[in-house]
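Chain and residue survey
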Amino acid sequence: MMQTGVSKRGVLPGFGLTMGYSVVYLSLVVLIPLSALLLNSTGLTWEKFWSVATDPRVLASYKVSFMTAAAAGLIDTLLGLLLAWVLVRYDFPGKRWFDAIIDLPFALPTAVAGVSLTAIYSQNGWIGSWFEPLGIRLAFSPIGITLALMFIGIPFVVRTVQPVLQDLDAEVEEAAATLGASRFRTFWRVVFPELLPPLLTGFALAFSRGIGEYGSVVFISGNMPMKTEIAPLLIMSKLEQFDYAGATAVAIILLTISFVLLLLINSLQRWVRKTAR
Amino acid sequence: MAGSVPMNTAKASVSRNQTTRSTGAVKWILIGTALLVLLWLIVLPLAVVITEALKKGWGVYVEAIRDPDALSALRLTLLVALITVPLNTIFGVAAAWAITKFRFRGKQLLVTLIDLPFAVSPVIGGLIYVLVYGAHGWFGPWLQAHDIKIIFALPGIILATMFVTFPFVARELIPLMEDQGQQEEEAAVTLGARGFRVFWKVTLPNIKWGLLYGIILCNARAMGEFGAVSVVSGHIRGETNTLPLHVEILYNEYQFSASFAVASLLLLLALVTLLLKGWFTRKSSH
C-alpha cells in the first residue's frame, strides 16, 4: 500500500496511515453510530414508523421547528446583511470589538443562551415586561423560540456575507455611480446580485442549525405539546419514556431533512466560490 | 454546524473609494442601527447572565460555584474536554493531511462526511449512542453481561461530545492546508526529511495558528455541549453532570442566581475563547 502509494501519489509520506486512521475514526465515531438509526436497531416497523410520523403531535412539532427556524433565518438574513455591510464598508470607533462579539453565539454554550434569553423575554424580564401589558407573550411562545434561534443563527449569516462583500469589486459600483445610478439602484442592481449566493447560504446555515437546535430553545419555549414543542425535544421526551422506536422514527425524519439541507448548503457554497472568483 | 466558517473570512476592511461611500447621514444611521441590533441580540444576553448571577450578592455567587456538585460538574467538564479535544485534534490533522496532500477518489465525499455532525441535531448525536450502547442497543446485552457502563456514564458523555465536536479541527485545517499546497513538504522530502519530521518541521509551523483556532473552538463546544450530553448523561448529580447540565438542574429547581452563577463560568469560557480566537486570527494573517 505504502509502496504503490508513493509512486502513484507523489513523494509525500503518510497517505496510508493518515487516510486509514481518518476512515477508521470517522466510522467509529460518526458513521457506525449514525447507521444504528437507519439500520432499524429498535425493531421499528413500517406501521410504527408511519403512525409516529403522522401523529398530530409529531407533525405539530415539525411545524413549530420549521416555522420558527425559517422566521429566525429570514430575520437573521436581513440583520446579518446590515451587520456585515457596516463592518466591511465603514470605519468607526470600537469596530474590532463589534466584529469579535458577533461570534459569541458560536462560543457560548447553548444552555447559557437559553437561560439568559428566557430571563430577558419572560413576563418580568428586561424586554418581556414591556410586552406583557400589551398582551404579547414573548417567552413560552413561538416568538420566544424564534428569538432564541435568531441569537444562534446570526453569526452564520454575517460570517458568510462578510468575505464576499470584502472581495466585491468596488470598480463596478463606481462605474454604476459614475453612469448616474442612484445609491439605492447601485445596491439593488449591482451589489445585491453578488450577495444573493452568500445570503442564501447564510440563511440555509442558520435554518439548518435552527431545525436541530435544542439547548437554547428548551428553556424559552415552554414545551407545550402542539404549540411550542420542537422536534428535537420530542425525541428527548420519547427517550425519557423509553419509547426508543418512536424516538428513532422522529429522528429519521429530522435527519433526512438535515441531509437534504447539507447537500443544498454544499452546492450553495460551491456557487458562492464560483461567483466570487 | 457551529463554527463552520473558516477563519480567513474575518479580515480587516478594505478601504473604499469615495464614490462608493455613503454620505454621512446614511452611514451613521446604518452604523447606529447595526449597533442597536448588536446590543439587543448579543450584548444583552451576555449582560443578563452577569447581572442575574450577582443579583443576590457575592455570597450566593461564590457559594453556588463552591458547591460540591458544581465543582464536580466542573471537573467532569474539564475531563471530558481533556479527552475529546486531543482525540479530535489528532483526527483533524490526519484527515487534513490525507485530504490536502494527496489525490484520491471520493475525496469530496469524505469531506462531506466529516462535516456531517454539524448538520445533525445534537439530540440525534446523543440518541445514536443510546441505540448502540444503551440497554436496548446493539451492544447493550453484551455490555450488561460484562458490567460495563457506557450510557448514563462517563464514556457515553465522551462519545457524544466527540460526535458533536468531530469536524472542528479538520474543517479549519482543510482549507488552510489546501491553500498552502505541498511544494514545501515535497522539497523537504527531496532533501531527505522523512515521515513525521516533514509534518513537524515544515507543515506545523505553517498551520500553527489555524490549528490552535480549530482547537479552541472544539474545546468551547466540548465544554459547552448540552443537547447530546443531556441524552446520554442520566443527570446524576455529582457524577454524570457537566456544567451546562448543572445550569439546567439549578434553573429547573428555581435556584436562578445559582444557575446564572454557574452559567457565568461558561460565559467566561466563551469570552476567553473569543479573545484567543481574535489573537490567533491576527497572528495567522501576519
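Residues numbered from 1 in each chain as written. Chains lettered and ligands numbered in written order. Predicted model: local features only at pLDDT ≥ 70, side-chain atom pairs only at ≥ 80, totals over all residues.

Where an unreviewed UniProt entry is consulted, chain B appears under the name Sulfate ABC transporter permease subunit CysW, with the organism given as Paenibacillus brevis.

1. Some words on the overall build of chain B
For clarity, the cut-off: Counting from the N terminus, the helices are DSSP H or I runs at least four residues long and the strands are E runs at least two residues long. Residues are defined as contacting one another if the C-beta atoms placed from their backbone atoms lie within 7 Å.
Each helix and strand counted, chain B has 13 helices and 0 strands in total. The helix and strand sequence of chain B, counted from the amino end, reads α-α-α-α-α-α-α-α-α-α-α-α-α. With the C-alpha coordinates aligned to their principal axes, the bounding extent of chain B is approximately 65 × 60 × 30 Å. For chain B, contacts bridging at least 24 residues in sequence account for 77% of all contacts bridging at least 6.

2. Some words on the overall build of chain A
Put simply, the test is: Think of it as a crowd count around each C-beta: if 20 or more other C-beta atoms lie within 10 Å the residue is buried, if 12 or fewer it is exposed, and in between it is partly exposed, with C-beta placed from the backbone throughout.
When helices and strands are tallied, chain A shows 14 helices and 0 strands. For chain A, the succession of helices and strands along the chain, N to C, is α-α-α-α-α-α-α-α-α-α-α-α-α-α. For chain A, the spread of C-alpha atoms along the three principal axes comes to 75 × 70 × 30 Å. Residues counted as buried form 49% of the 277 residues belonging to chain A. Look at the contacts in chain A between residues 6 or more apart in sequence, and 77% of them connect residues 24 or more apart.

3. Focus: the UniProt feature "domain: ABC transmembrane type-1" (unreviewed entry) in chain B
Counted only if it meets this: UniProt positions are given in the numbering used here, feature names are shortened, and annotations may be inferred rather than shown by experiment.
In the numbering used here, UniProt assigns the "domain: ABC transmembrane type-1" (unreviewed entry) feature to residues 74-277 of chain B. Across residues 74-277 of chain B, helical content stands at 79% and strand content at 0%; the span's end C-alpha atoms are separated by 23 Å.

4. Quick look at the UniProt feature "transmembrane region" (unreviewed entry) in chain B
Residue and element names in this part refer to chain B. In the numbering used here, UniProt assigns the feature "transmembrane region" (unreviewed entry) to residues 28-50, 70-97, 109-130, 150-170, 211-236 and 256-276. Taken as a whole, residues 109-130 contains 91% helix and 0% strand, while its terminal C-alpha atoms sit 27 Å from one another. The distance from the first to the last C-alpha atom of residues 211-236 is 35 Å, and the span holds 81% helix and 0% strand.

5. Considerations on the interface of chain B and chain A
The condition that has to hold: Gly is placed with the polar residues, together with every amino acid not listed as nonpolar (Ala, Val, Leu, Ile, Met, Phe, Trp, Tyr, Cys and Pro) or charged (Asp, Glu, Lys and Arg).
With 89 residues of chain B at the contact, the number on the chain A side is 90 residues. Top element by residues in the side of chain B that touches chain A is helix 1 (residues 24-53) of chain B. It accounts for 16 residues. By residue class, the composition of the side of chain B that touches chain A is 57 nonpolar, 20 polar and 12 charged.

6. A short note on the nonpolar core
Keep this limit in mind: In this usage, the nonpolar core is the set of buried Ala, Val, Leu, Ile, Met, Phe, Trp, Tyr and Cys residues whose C-beta atoms join them within 7 Å. Here the limits of each domain have been adopted from an automatic or database domain assignment.
Ranked by internal contacts, the top residues of the largest apolar core, which has 168 residues, are I235(A) and L127(B). Here this core spans two domains, since at least three of its residues come from each of domain 1 (16-53) and domain 2 (57-285) of chain B. The contact partners of I235(A), leaving out residues within four places of it in the chain, are A247(A), V250(A), A251(A), V123(B), I124(B) and L127(B).

7. Some points on the packing of helix 3 (residues 68-101) of chain B against helix 10 (residues 195-224) of chain B
All names here are of chain B. Short version of the rule: Fitted lines through C-alpha atoms serve as axes, helices being fitted only where they are in contact, and the angles separating the N-to-C directions of these axes extend from 0 to 180 degrees. To sort the angles, those under 35 degrees are grouped as roughly parallel, those over 145 as roughly antiparallel, those from 65 to 115 as roughly perpendicular, and the leftovers as oblique. Each helix crossing is assigned a hand: it is left-handed if the near helix lies turned anticlockwise from the far helix by less than a right angle, otherwise right-handed if that turn is clockwise.
Across the interface, helix 3 lies against helix 10 with an axial gap of 9 Å and an inter-helix angle of 140°. By the criterion of interaxial angle, the relationship of helix 3 to helix 10 is oblique. Where helix 3 crosses over helix 10, the handedness of that crossing is right-handed. Residues T77, V80, A81, T84, V85, N88, T89 and G92 of helix 3 touch helix 10, and the partners they reach there are G214, I215, C218, N219, A222 and M223. Split by residue class, the contact of helix 3 with helix 10 holds 7 nonpolar, 7 polar and no charged.

8. Overview of unusual backbone geometry
Of note in this structure, N223(A) is not a glycine but carries a positive phi near 55°. Relative to the assigned elements, N223(A) resides in the loop between helix 12 (215-221) and helix 13 (231-240). Positive phi is not limited to glycine here, since D147(B) has a value of about 60°. Following the sequence through the fold, D147(B) ends up in the loop between helix 6 (140-145) and helix 7 (154-165). We classify D147(B) as exposed; it has 6 C-beta atoms within 10 Å.

9. Re the confidence of the model for chain A
Our working definition: pLDDT is a per-residue confidence score from the predictor, ranging from 0 to 100.
Looking at chain A, the pLDDT average stands at 89 and 95% of residues meet or exceed 70. For residues 1-7 of chain A, every residue scores under 50 in pLDDT, and the model assigns this stretch 5 contacts once sequence neighbours within four places are set aside.

10. Some details on the packing of helix 4 (residues 56-89) of chain A against helix 9 (residues 142-167) of chain A
Angle between the axes and distance between the axes: these two values describe a pair of packed helices. Residues and elements named next belong to chain A. Put simply, helix 4 and helix 9 touch, their axes get as near as 5 Å, and they point 40° apart. When the interaxial angle is binned, helix 4 and helix 9 end up oblique. The handedness of the crossing between helix 4 and helix 9 is right-handed. Among the residues forming the contact of helix 4 with helix 9, the class breakdown is 22 nonpolar, 8 polar and 1 charged.

11. Comments concerning the domain arrangement of chain B
Residues and elements named next belong to chain B. Partitioning chain B into domains gives domain 1 (16-53) and domain 2 (57-285). For domain 1 and domain 2, the distance between their C-alpha centres works out to 32 Å. Residue-level contacts link 5 residues of domain 1 with 8 residues of domain 2. The residue makeup of the side of domain 1 that touches domain 2, split by class, is 4 nonpolar, no polar and 1 charged.

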